[in-house]
Amino acid sequence: MKYAVITGASQGIGKAVAERFLEERYSVAVCARQRDRLAIVVNQWREQYEDADIIWLNADISTEKGVTDFYSLIKMSFPQVDILVNNAGLYKSGLIANEPEHQLERMLQTNLMGPYRLTRALLPMMVDHHSGHIFNICSIASQKPMKGIASYSISKYALLGFSDNLREELREQNIKVTSVVPGATWSASWQGSGVDPERILEARDISQMIWAASNLSPQASTDTIVLRPVKGDM
Ligand SMILES: NC(=O)c1ccc[n+]([C@@H]2O[C@H](COP(=O)([O-])OP(=O)(O)OC[C@H]3O[C@@H](n4cnc5c(N)ncnc54)[C@H](OP(=O)(O)O)[C@@H]3O)[C@@H](O)[C@H]2O)c1
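Not measured: the values here are computed from a predicted model. (Residues numbered from 1 in each chain as written. Predicted model: local features only at pLDDT ≥ 70, side-chain atom pairs only at ≥ 80, totals over all residues. Heavy atoms only, no water.)

Asks: When you look at the site of the ligand in this model, what are you seeing that I'm missing?
Replies: In the neighbourhood of the ligand, 30 residues make up the surrounding shell, with S10, Q11, R33, N87 and Y152 lying closest. Take R37: an N or O atom from its side chain is 3.2 Å from an oxygen atom of the ligand. Take K156: an N or O atom from its side chain is 2.9 Å from an oxygen atom of the ligand. When the ligand sits alone it has 890 Å² of accessible area, and the protein chains cover 92% of it. Secondary-structure elements contributing two or more residues to the shell around the ligand are α1 (12-23) and α5 (150-170). Class assignment for the residues of the shell around the ligand results in 12 nonpolar, 14 polar and 4 charged. (Near = heavy atom within 4 Å. Polar contact = N/O pair within 3.5 Å; in protein donor to acceptor, adjacent residues only side chain to side chain. Areas by Shrake-Rupley, 256 points an atom, 1.4 Å probe, with all protein chains shown as cover. Helix = DSSP H or I, 4+ residues; strand = E, 2+ residues; numbered from the N terminus. Nonpolar A, V, L, I, M, F, W, Y, C, P; charged D, E, K, R; others polar.)

Structure follows, in structure tokens:
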């Protein structure tokens, strides 16, 4: 049996990633803040994927308590963690000059501190098994500044920095770290934006690449996966 942990799995990229691992008969642990929406998704999965082993919790990974609660459930239920996908993220637009007070802090709590704390909590389980693969869902905005979403971009630069440093630290322990760098990807958060869903990536594009990267030979590491719409960034 193999075990995957995915944060923010009630819609969008996280949901597609969880489904990809469920298709491959992994046991999955998922979280999101809104209990009802996650419960509906988990119930659909239990109908769709027979015998699926799913543990779930409404947990907010931007808080220490949310991470601790989610980690405690995983530790109690899974003997090991093969895959960790730090996906949950917060996106807010705004200019540095006049965005609401604490906007950057809020995004850092979700986009950087959530992955940092959950990874630190789960790492001993991976180290004990001398294996594991951590995927951090960054963004094209991790690699280039984007006017109008500066604090989001700053928080995603920080996540990419975390991810790249973590990889160096964990090489000797045989634990892989992949930074996933997607461009615009269709999810519920794009609804009402006026953007044609066929102009941008599908969530499944991301999940397929994560699945592929998780299936290479034990000695192969995919450091960074960059995906963007064929017609360019939005
Ligand atoms: N879509 C894009 O164009 C795009 C492009 C590049 C990178 N990304 C990154 O990809 C990731 C997923 O994006 P998406 O568009 O699929 O997002 P989405 O459609 O908004 O879904 C986000 C998921 O994360 C959960 N979530 C949000 N904050 C959370 C928190 N603090 N704790 C736990 N769960 C939380 C949400 O559920 P609740 O609201 O119930 O918590 C939901 O399940 C994000 O990190 C995002 O920055 C997205």
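Asks: I'm lost on the sheet that holds strand β6 (residues 176-182) in this one. Help?
Replies: Each strand in a sheet pairs with another by means of backbone hydrogen bonds, the pair being arranged parallel or else antiparallel. Pairing is parallel across the open sheet formed by 7 strands, whose spatial order is β3-β2-β1-β4-β5-β6-β7. Each edge of the open sheet is held by one strand with a lone partner, namely β3 (54-58) and β7 (224-227). Taken over all neighbouring pairs, the strand axes of this sheet differ in orientation by 15 degrees on average, direction set aside. Along the sheet, helix α4 (residues 103-128) contacts β1 (3-7), β4 (83-86) and β5 (133-137); its crossing angle with β4, the most-contacted strand, is approximately 175 degrees. (Pairing = 2+ DSSP bridges. Axes fitted to C-alpha atoms, helices over the stretch in contact; angles between N-to-C directions. Contact = heavy atoms within 4.5 Å.)

Asks: In this structure, what is going on with the packing of aromatic side chains? I would like to understand it.
Replies: Between two aromatic rings, the relevant description is the distance of the centres plus the angle of the planes. Evaluated as defined, the whole model comprises 6 aromatic pairs. Geometrically, the ring pair formed by F21 and Y26 is edge-to-face, given 4.9 Å between the ring centres and 70 degrees between the ring planes. Side by side, F21 and Y26 carry an identical accessibility label, which is buried. Ring centres 5.4 Å apart and planes at 80 degrees place the aromatic pair F21 and W211 in the edge-to-face group. One end of the pair, F21, is in helix α1; the other, W211, is in helix α6 (residues 203-213), with 190 residues separating them in the sequence. (Phe/Tyr/Trp six-rings, centres within 6.5 Å; stacked < 30°, edge-to-face > 60°. Buried < 20%, exposed > 50% of the residue type's maximum accessible area, 1.4 Å probe, protein only.)

Asks: So what exactly am I meant to see when it comes to the packing of α4 against α5 here?
Replies: Packed helix pairs are specified by the crossing angle of their axes together with the interaxial distance, meaning the distance between the axes. Contact geometry for α4 and α5: axes closest at 7 Å, N-to-C directions at 20 degrees. One element, α4, and the other, α5, form an angle in the roughly parallel class. Considering only the axes of α4 and α5, their crossing is right-handed. Residue-level contacts link L104, M107, L108, N111, L112, P115, Y116, T119 and L123 of α4 to S151, Y152, I154, S155, K156, A158, L159, F162, L166 and L170 of α5. (Parallel < 35°, antiparallel > 145°, perpendicular 65-115°, else oblique. Left-handed = near helix turned anticlockwise from the far one by under 90°.)

Asks: Would you mind showing me how to read the side chain of S207 here?
Replies: Along the chain, S207 turns up in helix α6. A polar atom in the side chain of S207 sits 3.0 Å from the backbone oxygen of R204. Excluding its chain neighbours within four sequence positions, the residues that come into contact with S207 are A16, V17 and R20.

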